Amino acid sequence: MSIFFLRTLILYIIIVFSLRVMGKRHLGELEPSEFVVAIMISNIATLPIEDTNIPLVAGIVPILALVSFEVIISSIGLRCKIVRKLVSGNPIIIIRDGVIDQKKMRELRYSIDDLLEQLRSKDVFDIADVAYAIVETTGQLSVFPKYPNRAVTNQDLNLPEPSCANSPQMVLICDGELVPDTLNYCNLREDWLQKTLEKQGVKQKDVFLMTCNQAANYHLVLRDDKKSGKKEGESA
Amino acid sequence: MKRLIISLVMVALIIAFSISNTVTLYNVRGELNEHLNNMAQKLEGGEAQDVVEDTQQFQQLWLDREEKLVRFIRHTDLEQITWDCARLPYLAKYGDMAELTAEINRIQLQINHLWETQVPRIRTVF
C-alpha cells in the first residue's frame, strides 16, 4: 500500500515539474504535439502506480524524455518555420470576406455544426456578422466580426483617456502577505501602505486581498472573520 | 532558453543513465555466466561436491546483483531467476545432478535473455 502512495507522490512531483518545464498553456490551447504529450504522460504515469512489478524508472524516464523532446522541438520550431509547420500546421481561414470557404472546411473535416458551435462560443449567432474566421492550429476558431458588428471602443467614442488607464490592478497583499514587486510597480512605499491600512482600521494580517494600480487606486477585501464593511478602495 | 537547457540536460542524463544501466547489466551477465560455466564444467568433470558451495555463492551473488538490476528491469523477470537460483543449493546437496545441470542451463538462458531484451536493437525496439 505504501509503495502505491510513495510512487504516486513521486510521479506527481515529476509530472508537476515536467508541466512547469513545458511552460504555461491552458489545456484548451495546446498545440497538437503538446496535447499528445499530455495524454501520453497521463497514461505512462499510471503504469508504475498500478503495477509495482514495473520499476518506477520505467515511468519517470519516458515522461521526462517526452517533455524534453517537446521543449526541444518547440525551441527548434521558434527558429525554423518548416519545423513549426510540420509539427503544428498552419491556421486556416474558413470564412474570408464573409464568404465560407467550403473546400477548406471539407479539408479540415469541419462541419457546419462545428462552425456554428464555435461561432456561438464567441457570442456570434449570425454567420452574416463574420468578416473572417480562422481555425487556429489548436482547433480554436478566431473570429473577426464585420465593422458594424464590432464592439464599440473608447476610441470610437472619443472618450478622454484617464491617467493610468493602462495600469491594471495588481495584487498587493495576498492572504496577509505583502507582494513587494507590486509595491515597486505602483511606485509606492510601505509607509503609504501602513497609513492606508491604518485609515481603514485594519492590520496587514487581517487583509485577505488588496489590489492596487499605479494611480494608487486600491481595493481591499478583509478576511471573513475581520469584515467590517470597509472594502471600497480610494485613490491617494 | 532556460527550459531548453533543462531539457537538454534531462536528455543527456537519460542517455547517461541508460548507458550506465546497460553496462551494469553487461557486467552482471558476464559475472554470472562465468560462475554458471564454472559450475557446469565441474559437474561435467564429476566434481559434484565442490558445486554445493558454488551454488550457495552463486545464489548470494545473484541476490546482490539483483539489487542493482531491480531499479530498471521488470521485477517479474528477475523474480523468475531468483526462484530458480533458490533451487540450486538443494539440487546440488541432495544429488540430483541432471536436474541441477538443467537448472544451471535454464538460469543461463534467462540471464542471456534479460540481456537480449534490454539491449536497444531493431527487434527489441519494434
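Here the residue index of a chain counts from 1 through its sequence in written order. Chain labels run from A onward and ligand labels from 1 onward, assigned in the order the entries are written. In keeping with the predicted nature of the model, local features appear solely for residues at pLDDT of at least 70, side-chain atom pairs appear and are counted solely at 80 or more, and the whole-chain, interface and lining totals rest on all residues. The side-chain numbers reported here are obtained from all heavy atoms of the structure, hydrogens and water having been left aside.

**Student:** Summarise the overall build of chain B; cite the residues concerned and give the values.
**Tutor:** Put simply, DSSP marks the helices as runs of H or I at least four residues long and the strands as runs of E at least two long, and each gets a number from the N terminus on. A tally of regular secondary structure across chain B gives five helices and zero strands. A compact globule built from 126 residues would reach a C-alpha radius of gyration of about 14 Å, whereas chain B, at 18 Å, exceeds it by more than 25%. Along the longest, intermediate and shortest principal axes, the C-alpha atoms of chain B span 65 × 25 × 25 Å. Each residue gets one of three labels from its accessible area relative to the maximum for its type: buried under 20%, exposed over 50%, partly exposed in between, using a 1.4 Å probe on protein chains only. Relative to its 126 residues, chain B shows a buried fraction of 36%. Sequence separation of at least 24 residues holds for 61% of the intrachain contacts in chain B that already meet a minimum separation of 6. For chain B, the computed accessible surface area is about 7700 Å², with 55% contributed by carbon and sulfur atoms. For chain B, the distance from the average site of its 13 positive side-chain charges to the average site of its 17 negative ones is 13 Å. Each radius of gyration is computed over the set of C-alpha atoms, and the globule rule expresses the reference value as 2.2 Å times the number of residues to the power 0.38. Any two residues having at least one pair of non-hydrogen atoms within 4.5 Å are treated as being in contact. The Shrake-Rupley method, run with a 1.4 Å probe, gives the accessible areas here. Residue values count only the displayed protein chains as cover. For this count, His and the chain ends are skipped, Lys and Arg are scored as positive, and Asp and Glu as negative. Working definition for charges: the position is that of NZ of Lys, CZ of Arg, CG of Asp or CD of Glu.

**Student:** Tell me about the environment of Cys164 of chain A, residues and numbers included.
**Tutor:** Residue and element names in this part refer to chain A. Relative to the helices and strands, Cys164 is located in the loop between strand S4 (141-145) and strand S5 (170-174). Judged by its relative accessible area of 31%, Cys164 falls in the partly exposed class. In this structure, the C-alpha to C-alpha distance between Cys164 and Gln214, residues 50 residues apart in sequence, is 6.3 Å. Discounting residues that sit within four places of it in the chain, Cys164 has contacts with Gln214 and Ala215.

**Student:** I'd like to hear about a nonpolar patch on the surface, residue by residue, with values.
**Tutor:** Patch building starts from residues that exceed 30% relative accessible area and form no salt bridge, then joins like charges within 9 Å and nonpolar side chains (Val, Leu, Ile, Met, Phe, Trp, Tyr) within 5 Å. Salt bridges are identified by distance alone: a Lys or Arg side-chain nitrogen within 4 Å of an Asp or Glu carboxyl oxygen. On the surface, Phe5, Leu6, Leu9, Ile10, Tyr12, Ile13 and Val16 of chain A cluster together into a nonpolar patch covering about 690 Å² of accessible area. Mapped onto the elements, Phe5 of chain A comes out in helix H1 (residues 2-22).

**Student:** Please set out the packing of helix H1 (residues 2-44) of chain B against helix H2 (residues 48-69) of chain B residue by residue, giving values where relevant.
**Tutor:** Relative orientation and spacing of two packed helices are given, respectively, by the angle between their axes and the distance between those axes. All names here are of chain B. Lines are fitted to the C-alpha atoms to define the axes, a helix being fitted only along its stretch in contact, and any angle between axes, read from their N-to-C directions, falls within 0 to 180 degrees. Here H1 crosses H2 at 170 degrees, and the two axes come no closer than 10 Å. By the angle class used here, H1 and H2 are roughly antiparallel. Side by side, H1 and H2 meet where Thr24, Leu25, Val28, Glu31, Leu32, His35, Leu36, Met39, Lys42 and Leu43 of the first sit next to Ala48, Asp50, Val51, Asp54, Thr55, Gln57, Phe58, Leu61, Trp62, Arg65, Lys68 and Leu69 of the second. Note on residue classes: Ala, Val, Leu, Ile, Met, Phe, Trp, Tyr, Cys and Pro are nonpolar, Asp, Glu, Lys and Arg are charged, and everything else, Gly too, is polar. Per-class residue counts for the contact of H1 with H2 are twelve nonpolar, four polar and six charged. For this classification, under 35 degrees means roughly parallel, over 145 means roughly antiparallel, 65 to 115 means roughly perpendicular, and everything else is oblique.

**Student:** Give me the environment of Cys186 of chain A: which residues, what numbers.
**Tutor:** Residue and element names in this part refer to chain A. The residue Cys186 is located in the loop between helix H7 (180-185) and helix H8 (190-200) in this model. By relative accessible area, Cys186 is classed as buried at 2%. Not counting residues within four places of it along the chain, the set of residues in contact with Cys186 comprises Cys212, Asn213 and Gln214.

**Student:** An account of the packing of aromatic side chains is needed here, citing residue identities and associated values.
**Tutor:** Planes of paired rings set the category: under 30 degrees apart is stacked, over 60 is edge-to-face and the rest tilted, where pairs are Phe, Tyr or Trp rings (Trp by its six-membered ring) whose centres lie within 6.5 Å. The final tally for this structure, using the stated rule, is two aromatic pairs over all chains. Ring geometry for Trp192 of chain A against Tyr218 of chain A: centres 6.0 Å apart, planes inclined by 80 degrees, an arrangement best described as edge-to-face. With Trp192 of chain A in helix H8 and Tyr218 of chain A in strand S8 (residues 218-222), this pair connects stretches of sequence that are 26 residues apart. The exposure classification of Trp192 of chain A matches that of Tyr218 of chain A, with both residues buried. With 5.4 Å between their ring centres and 55 degrees between their planes, Tyr26 of chain B and Trp115 of chain B make a pair best called tilted. Within this pair, whereas Tyr26 of chain B is found in helix H1, its partner Trp115 of chain B is found in helix H4 (residues 97-118), the two being separated by 89 residues in sequence. Given a relative accessible area of 13%, Trp115 of chain B falls into the buried group.

**Student:** Before we move on, can you summarise the interface of chain A and chain B with the specific residues and values?
**Tutor:** Counting residues at the interface gives 21 residues for chain A, matched by 17 residues for chain B. When chain A packs against chain B, close to 1500 Å² is buried across both sides, 70% of that on carbon and sulfur atoms. Of all residues in chain A, Val21, Asn53 and Pro55 of chain A give up the largest surface area on contact with chain B, accounting jointly for 32% of the area buried on that side. Run the count over chain A and chain B and you get one salt bridge. Among the salt bridges present, the one from Arg74 of chain B reaches Asp51 of chain A, with a minimum N-O distance of 3.4 Å. Whenever a nitrogen or oxygen atom comes within 3.5 Å of another N or O atom, the pair is scored as a polar contact, on the condition that within protein one atom can donate a hydrogen and the other can accept it, and that pairs from neighbouring residues in sequence are kept only if both atoms are in side chains. For the interface between chain A and chain B, the tally reads five residue pairs in polar contact (both at pLDDT 80 or more). Put simply, the parts of the chain that give the side of chain A that touches chain B at least two residues each are H1 and helix H3 (57-79) of chain A. At ten residues, H3 of chain A tops the list of elements feeding residues into the side of chain A that touches chain B. Here the side of chain A that touches chain B is built from residues that sort into 13 nonpolar, five polar and three charged. Here the quantity called buried area is the accessible surface, traced with a 1.4 Å probe, that two parts lose on coming together, added over both.

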